[in-house]
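Overview (structure and organization)
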Amino acid sequence: SDLPLGGTWCQNQPNTRGEPIANSNTKADHRGAVTMNQRRALVEGVRIQMLSGTHVLLLRDAEEERYLPIPIGPNEASAISYQLQGVRPERPLTHDVATQVISALGAVLREVRIVELVDETFRARLVIMGPEGVERELDARPSDAVALALRANAPIFISLDLLAQEIGRAHV
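All figures in this text were calculated on a predicted structure; none of them were measured in a lab.

Another aspect to go through is the packing of helix H1 (residues 74-85) against helix H3 (residues 142-152). H3 packs onto H1 with a crossing angle of 20° between their chain directions and a minimal axis gap of 9 Å. Classified by the angle between their axes, H1 and H3 sit roughly parallel to one another. Where H1 crosses over H3, the two elements pack in a sense that is left-handed. Across the interface between the two elements, Glu76, Ala79, Ile80, Gln83 and Leu84 from H1 touch Ser143, Asp144, Val146, Ala147, Leu150 and Arg151 from H3. Residue classes in the contact of H1 with H3 are distributed as 6 nonpolar, 2 polar and 3 charged.

This brings us to helix H2 (residues 94-104). Those residues of H2 that fall on the buried side of the exposure criterion are His95, Asp96, Thr99 and Ile102. The buried residues of H2 occupy an angular sector of 125° when projected down its axis, which confines them to one face. Of the exposed residues in H2, those oriented more than 90 degrees away from the buried face are Thr94 and Ala104. Considering only its buried residues, H2 is in contact with H1, strand E7 (108-118), strand E8 (121-129) and H3. Two residues or fewer past H2, Gly106 is found with a positive phi of approximately 80°.

Taken together, the side chains of Val97, Val101 and Leu105 make up a nonpolar region of the molecular surface, amounting to roughly 260 Å² of accessible area. Relative to the elements of secondary structure, Val101 occurs in helix H2. The class of Val101 is partly exposed, set by a relative accessible area of 43%.

Bridge count for E8 against strand E9 (residues 135-140) is 6 bridges, and the pairing is antiparallel. Bridge pairing links Arg125 to Asp139 in E9. Counting the residues in the hairpin turn of E8 and E9 gives 5 residues, including Gly133, whose phi is positive at 85°.

Time to look at the pattern of salt bridges. As enumerated under the stated definition, the model contains 13 salt bridges in all. Between Arg110 and Glu111 there is a salt bridge, with its nearest N and O atoms 3.5 Å apart. On the basis of relative accessible area, Glu111 is assigned to the buried category, the value being 3%. Several salt bridges share partner residues, and in doing so they unite Arg110, Glu111, Arg113, Arg125, Glu135 and Glu137 into one network.

Among the structural elements, Arg113 can be located in strand E7. On the accessibility criterion, Arg113 (12% relative accessible area) is buried. Reaching out from Arg113, the side chain makes a polar contact with the side chain of Glu111 at a distance of 2.5 Å. Side-chain polar atoms of Arg113 contact the side chain of Glu137, separated by 2.6 Å.

What follows deals with the packing of H2 against H3. Taken N-terminus to C-terminus, the directions of H2 and H3 make an angle of 60°; their axes are 9 Å apart at the nearest point. Between H2 and H3, the crossing angle belongs to the class labelled oblique. H3 is crossed by H2, and the crossing has right-handed handedness. Counted together, His95, Asp96, Ala98 and Thr99 of H2 and Asp144, Ala147, Leu148, Arg151 and Ala152 of H3 form the full contact between these two elements. Residue composition of the contact of H2 with H3, grouped by class: 4 nonpolar, 2 polar and 3 charged.

Conventions and cut-offs
Residues numbered from 1 in each chain as written. Predicted model: local features only at pLDDT ≥ 70, side-chain atom pairs only at ≥ 80, totals over all residues. Heavy atoms only, no water. Axes fitted to C-alpha atoms, helices over the stretch in contact; angles between N-to-C directions. Helix = DSSP H or I, 4+ residues; strand = E, 2+ residues; numbered from the N terminus. Parallel < 35°, antiparallel > 145°, perpendicular 65-115°, else oblique. Left-handed = near helix turned anticlockwise from the far one by under 90°. Contact = heavy atoms within 4.5 Å. Nonpolar A, V, L, I, M, F, W, Y, C, P; charged D, E, K, R; others polar. Buried < 20%, exposed > 50% of the residue type's maximum accessible area, 1.4 Å probe, protein only. Arc of directions from axis to C-beta. Patch = residues over 30% accessible without salt bridge, like charges linked within 9 Å, V, L, I, M, F, W, Y side chains within 5 Å. Areas by Shrake-Rupley, 256 points an atom, 1.4 Å probe, with all protein chains shown as cover. Salt bridge = Lys/Arg side-chain N within 4 Å of Asp/Glu carboxyl O. Pairing = 2+ DSSP bridges. Polar contact = N/O pair within 3.5 Å; in protein donor to acceptor, adjacent residues only side chain to side chain.

Rendered as structure tokens:
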């Protein structure tokens, strides 16, 4: 199949953990309300775009052959690739520590949402459930959010609006 960007490829096992959603366009939030604006995503891998040397996180729509390429930094690319390949560094990386802190505080990373593209910058949200059952959303870079989701076995979702926007851009 045609992938949107050229480059080298780090193969991995898709992130298929987390609770399945009811169907392709719906999911229940913590109150049981159904939202229609997200799609489950799988982490396809990290690649390096040959011409520019840019690291790219490649997310795939879990139900259709659609991809969302997100440029990321080399450190975040390494953190994601290590986790996908099962590499355990001698000392914990920043995302490992952050995952441990969330857990130590009695909270859980419920899900990650890749929500929008503003001024050529992708934005994500971390949905964290606190020990009292209170849900909080935190702004995050998609690369950090995905690195945390992989470590916490949390599902990743992409805004359907963002996927629709990116289909045209991915093949430019």
